[in-house]
Amino acid sequence: MSASSAFNDEKGGSSNVGEPEYGHDPASGGIFSSDYKRHDDLKEMLDSNKDSLKLEAMKRIVAMIARGKNASDLFPAVVKNVACKNIEVKKLVYVYLVRYAEEQQDLALLSISTFQRGLKDPNQLIRASALRVLSSIRVTIIVPIMMLAIKEAASDMSPYVRKTAAHAIPKLYSLDPEQKDCLIEVIEKLLADKTTLVAGSVVMAFEEVCPERIDLIHKNYRKLCNLLIDVEEWGQVVIINMLTRYARTQFLNPNMNESLLEEGGGEKAFYGSDNDDDTDDEEDKEEKEKKKTEATAIVKRKPYVMDPDHRLLLRNTKPLLQSRNAAVVMAVAQLYFHLAPKAEVGVIAKALVRLMRSHSEVQYVVLQNVATMSIKRRGMFEPYLKSFYIRSTDPTQIKVLKLEVLTNLANETNISTILREFQTYIKSNDKDFVAATIQAIGRCATNIGEVRDTCLNGLVQLLSNRDELVVAESVVVIKKLLQMQPEQHSDIIKHMAKLTDNIQVPMARASILWLIGEYCEHVPKIAPDVLRKMAKTFTNEEDIVKLQIINLAAKLYLTNSKQTKLLTQYVLNLAKYDQNYDIRDRARFIRQLIVPTDKSGALSKYAKKLFLALKPAPVLESPFKDRDHFQLGSLSHLLNAKAGGYQVLPDWPEAAPDPSVRNVEVKESVPEWTKCSSREKRKEKKADKPFYSDSEGESGPTESADSASDTASGSESGSGSEESGSGSESEESNEESESASEEDEEEEGKKKKKNVEKIKARKPVPESESEPSSGEDVKKSEKKSKPRIGSSESESEEDDDSESESSESEEEESEEESEEETKKKKKTTASKPPSKPPKKENKKEKKEMSLLDFDDFDPAPSPSQVTPLNNFLSSSLVTDLEGLSLTDNVLSPTTIVPSGNLKTYELLHRITGEGLSVEYCFSRQPFSPDPHMVAVKIQFTNSATSEAKSLHMEDAKLQSGMRIKEFPEIEVLPAGETVSVVMGIDFCDSTQAANFQLCTHTRKFFVSIQPPVGELMMPIFMTENEFKKEQGQLMGMNEITEKLTLEEKCQGEHAVVQRVTTAANLSRVPCGSDKECSHPVPPPPFPIHRFAGKTVTSGSLVLVSVVTKEDGAAQLTVNCEKMVIGTMLVKDILQALTQ
Amino acid sequence: MINSLFLINPSGEIFLEKHWKSVVSRSVCDYFLEAKEKALEPEDVPPVIHTPHHYLISIYRDKLFFLSVIQTEVPPLFVIEFLHRVAEMIQDYFGECSETVVKDHMVMVYELLEEMLDNGFPLATESNVLKEMIRPPTILRSVVNTLTGTSNVGDTLPTGQLSTIPWRRAGVRYTNNEAYFDVVEEIDAILDQSGTTVFAEIQGVVEACVKLSGMPDLTLSFMNPRLLDDVSFHPCVRYKLWESERVLSFIPPDGNFTLMTYHVNAQNLVAIPVYVKQSISFFECGSDGRLDVTVGPKQTMGKTVEGVMVTVHLPKTILSINLTATQGSYTYDNGTKLLVWDIGKLNPQKLPNLRGSLSLQAGAPKPEENPSLNIDLKIQQLAISGLKVNRLDMFGEKYKPFKGVKYITKAGKFQVRT
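This report concerns the structure included in the present document. (Residues numbered from 1 in each chain as written. Chains lettered and ligands numbered in written order. Predicted model: local features only at pLDDT ≥ 70, side-chain atom pairs only at ≥ 80, totals over all residues. Heavy atoms only, no water.)

**Regarding the sheet that holds strand β5 (residues 64-70) of chain B**
All names here are of chain B.
Phase 1: If you walk across this open sheet you meet the five strands as β2-β1-β5-β4-β3, and the pairing is antiparallel. The open sheet has two edge strands, β2 (14-19) and β3 (48-50), and neither has a second partner. Sheet twist, expressed as the mean angle between neighbouring strand axes with direction ignored, is 20°. (Pairing = 2+ DSSP bridges. Helix = DSSP H or I, 4+ residues; strand = E, 2+ residues; numbered from the N terminus. Axes fitted to C-alpha atoms, helices over the stretch in contact; angles between N-to-C directions.)

**Some points on the interface of chain A and chain B**
Phase 1: Contact residues are listed per partner, giving 101 residues for chain A and 96 residues for chain B.
Phase 2: A buried area of about 8,800 Å², summed over both sides, lies between chain A and chain B, and 56% of it is on carbon and sulfur atoms.
Phase 3: Contact with chain B buries surface across chain A, with A:Trp234, A:Arg357 and A:Arg391 losing the most and accounting together for 10% of the total.
Phase 4: Joining chain A to chain B, the criterion identifies 11 salt bridges.
Phase 5: Of the charged contacts, one joins B:Glu114 and A:Arg132 as a salt bridge, the two residues approaching to 3.7 Å between their closest N and O atoms.
Phase 6: Linking chain A with chain B are 36 residue pairs in polar contact (both at pLDDT 80 or more).
Phase 7: A class-by-class count of the residues in the side of chain A that touches chain B yields 40 nonpolar, 33 polar and 28 charged. (Contact = heavy atoms within 4.5 Å. Buried area = accessible area lost by both parts, 1.4 Å probe. Salt bridge = Lys/Arg side-chain N within 4 Å of Asp/Glu carboxyl O. Polar contact = N/O pair within 3.5 Å; in protein donor to acceptor, adjacent residues only side chain to side chain. Nonpolar A, V, L, I, M, F, W, Y, C, P; charged D, E, K, R; others polar.)

**Digging into the packing of aromatic side chains**
Phase 1: All told, the structure shown has 23 aromatic pairs over all chains when counted by the stated rule.
Phase 2: Arranged with centres 6.3 Å apart and planes meeting at 75°, the rings of A:Phe381 and A:Phe388 form a pair that is edge-to-face. For the pair shown, A:Phe381 and A:Phe388 are each scored as buried.
Phase 3: Where A:Trp514 meets A:Tyr519, the ring centres are 6.4 Å apart and the plane angle is 90°; that geometry is what we call edge-to-face.
Phase 4: The structure contains a cluster of three or more aromatic residues connected by ring pairs, namely A:Trp234, B:Phe78, B:Phe82 and B:Phe121.
Phase 5: Across from the ring centre of A:Tyr100, 4.6 Å away, lies the NZ or CZ of A:Arg99, which sits over that ring.
Phase 6: Over the ring of A:Trp514 we find A:Lys479; its NZ or CZ atom is 5.1 Å from the centre of that ring. (Phe/Tyr/Trp six-rings, centres within 6.5 Å; stacked < 30°, edge-to-face > 60°. Buried < 20%, exposed > 50% of the residue type's maximum accessible area, 1.4 Å probe, protein only. Lys NZ or Arg CZ within 6 Å of the ring centre and 35° of its normal.)

**Description of the sheet that holds strand β19 (residues 338-344) of chain B**
Residues and elements named next belong to chain B.
Phase 1: Strand order in the open sheet made by the nine strands is β11-β13-β9-β8-β23-β21-β16-β19-β18, with mixed pairing throughout. The open sheet has two edge strands with one neighbour each: β11 (230-233) and β18 (329-333). The average undirected angle you get between the axes of adjacent strands in this sheet is 15°.
Phase 2: Relative to β19, strand β16 (residues 306-313) runs antiparallel, the two sharing six bridges. Opposite Met 309, over in β19, you have Asp 342 as the bridge partner.

Structure below.
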């Protein structure tokens, strides 16, 4: 009763305030007299059927958990609400469950079925959170359920759920390490995921579960590198750290030959990463010489060439130095430090110095790493010396670290500035910092010989400082310095001997005593006196001082026994009864050793040698030396001790492991959601090596390529031969092969299409042919030219086909080569009838054409093949296709570049040519004898009265690199006749004119052919995704963007496409290829037109996109590696679109 | 990765704990509290502490310690950066980050922490994603929630989680579309006794407040981008375009964010806007000293210097001070020995001066070091590096946004050694 009334009060109170009062718990507990009662009350609220009450109860319970109060006895009441409809209640119940399930395993099992149901929910957030909670409940019994859920979620449609699955992997692993093998399978699967969302989480899981399975990374290495920039920042950190380790096992040390490149400073890193103390230079000279000779010996090994994958990693991580997240910057910095060639490491300095502006904790970590780096790569931070200057407001730990860096950076040139800066620091009120500064001065003095005396003098001055700590620290440092050259500094030793009266700091007193003992022959008069004083105060000294007094006494006894014999005895007697056993032992030992007695053995003879041996000077070195064997940026590096789970950074391998393991197979089975990116993957591969390799025929066609093209050409040739008989039948076979290929693997299908369309390219010939041959005598001239061209065609065709294949296979970059296949292929092509019989124009044909054109590019119609077909028919075909293209945006309208668009240029005017007029046009057909040449069709018309004989060309004057393939000599050209020939010119991707002489039997004419830039390229097929990807790689200087306004006539899609393809020999990139994408995109109201091609000679990609906007506004973008071509192309297309 | 988080107030009380893996007893904090006792200032507590079974990584921010417990190897900066992100998130949600605020919104903070990490690995740290999952409290919303029973917790996956631009949510609508950019530059400098510059650099930051509908694609260009020595960007900025064309092209997050930070290093480029003439001296005999400080404008590009403030940490042995200021007022806290002279606007005609005597504790020796002066100042409408925004273009949306750019120069870590 009391409980329920209290609950009513509570409810009233909370609804008044709006926000429940849980925040003020336990003060609000005033209403409740005890814990027991309060919990009763909560239980009641949880049992009610009002969501608002439940919510409030849960909030109060969670607040208890947050404050660290125990709420475990509410478990049964809470777990009942796991299926509550209210999402917030549900979430809070989840929170509770995860917190207490481990303690109450049996009860927790009650909730499992809810999560299992949740795993099937259509809402991805609910699926994900069910998996999240299920995997967070640390109850061993449900391991199999978790395993199942993870496996299922790993192939979920939603990348968010897959990400959650990746998160669940380490959870399950920590719960039951037995599951490792199964989990590795899931990791392997998720590693292949293409989404940036998953990448970071799965690498995280990889690092926790199986960091040793570096082999799982091979296939995903390039993908990870390429995705990196788009991964969220936390994922970036994990991936970069993992890739650093990966690279250390797979690539060669880029600095292996660095001593060859750099004289002087370079040797160190070469000789193992650990010992390069490049600061002491005095005694190093000889060693350096030695190293140099050694280095030259080793240099004779083969020169180092960086693996392209290694380069890829460095290139793709570099922009992340600009990240706002300090952890990302640090991760990239350590990657560069561990992996980059020495010359490139410098880029990280700037970014690290930037982090020094950040929070003091960030500074602390960064400075630790900079301290380590600055030992090995001092030059890198030297320009930023002043950024490490210390402000009086810095926390002490930061000051000390900055000091460390400054000391590491000190060299002959900057030491004076640094020492001046140190002088300011010595006056600081922060005594720990002053002590550190004095240490730093000491280190500078040992490292840089030139300033040793200056430093020593400065330190001696500090001996008169009023602060004892300063003096003590100075003494200690001076002691170390003096040890290096004691002879010259007896006055300093004397000075220090006097200090024993004043200095009370034990360490300093001990140091002075040691010094005097060690160099007692330099101060023969003072030393015994010091011993006398010390003997007096012996009992009151600290232990370390006592030990040094004994030492001093012993040494003096050995050198000057006359004066000090009694004193020594006295001291030893005192020590004999000391409380400290160390001191007693020492005294006993020394007495036996130095005081000759009858029993004393042989040792006492060597006492002098034992005590007064020359002791090596201490090396003052940085505490950060050698820390770089820990991966920088890691916790282990910071602590200078191996932390749990730290993965050792392996040393570079002696010889590089096989790099081909990273090659990704084309025909890898791809999970369905990533299907759209299978092409991208191929692209990635291509991007690494030259896109179109220049050398031909070095690799044969792939299996897949071959079989595909086989069927294609087979059916094609079949259709060709049968065509004359019945068109319809061959059409069918064509269709069949087409549809079959569509169901095939994508690549295959694509290739096949390429092949088909290659052959197809010849079909629409008549349209284009009829055009240039002007006037009425079309048919006549056609008849005449037919046999000749036909025959030349047949042989070139064969060439052409095999060639096209080999180039295609190069694109695939397949390793396997099958000679036989090639041969067989050649045979099939050879057996093909040389020229295609004419096609009958019927409905079916039209349909077939459109089918073939589907998703295809088509090189511009070739005029060189002559088929009698009348003009009317072909033009009607064109209009039909136009209609199709407008309704169906998948159909590429490039297939119907009207032949009229092939512009003809005049080479020789009728009058200057004495009746012979010559025109030329760019046929846009691949020039078969040499694919690097642009085909130029030349048409001779003899309008003179007499026949022209022996038309040929000679004496070509070409720019360097340009080549011409001459046309075959025309023996006779009767008056009034016209003849066409094709020649090839390799313009070397420039618009320089090709000059040559055109000769008849009587005369020579100087002519020149100058190509418009748009003719220097040939179309290639690309999907939208490929296009975007390539475009992404051709940014910056390679991208030219221009805004324009399309004139009214030109606003239609078709018009734009037509004008662009007229201006340049490019092919349209099919847009909105929906069937490939998992998320269909609705066609945008203002489409983007994309065109792709490559330059004929070098095969550089040329990508053109026209973005249309409202009111005819448009933006033209050209991406081309060759900037000149890009610029000219923009001009030309702009003109074409705006005129 | 991150096992647990404890929030600890300056007096050492643990007022919130959150565990992402199995529970770690709060007694682990004792190691930290021990270290905290040892340290003179809260800033001096080492950020990383090694205990027998755990590693403690902590930050000190807004007078609170955020202490995380780590069990295995993890990049320390990863944790530190995340902890700062937590502090920023609290600030972002509740307007400030303090003990009271966290205690008042205990459950919401707890829910947020739950969303931010999964199994110790960051899951959602973008403020816009978080805000869609757990809506920040407003008075109106809390009233509506109590009446209707709706909650602050979203039930669909935030669009940002899935998109390639997680920093922006979809379907943003504003009636007034506006984009403001503040170019704030801070001068970090160390001047020596004679007034010569030992070290100076400019740290700049472009803060943006963008309230634009839809998915605007902005391009911000500078008149003189070559000035910038080193930059870091919000993830929305396209690196490549900056590399190639030195323009900032980005789809902005909704609301306030830091677009970029930059660094101008060339020392000769750094104009020092004020000079300080000072003499602080202590007499060898007698327990007395004098202080005389004058501040005047130096290179101000014709703008007025405002908000000038001089802060001095006087030596511990000072007993009392007796000063007079010709302009502004000074405060002195005898406990912390902190002297603050708030000058205000700098008038070139009549230079402000603070002088008077300092008395030392009887018998205390003369302090060795003179305290350094920390200067604070502000100049409106001026970026001291000379950086200027050229233009802001918007693509992707049709409306005309209202645009504005503001420049401010401040003193950063500006120290005068004496």
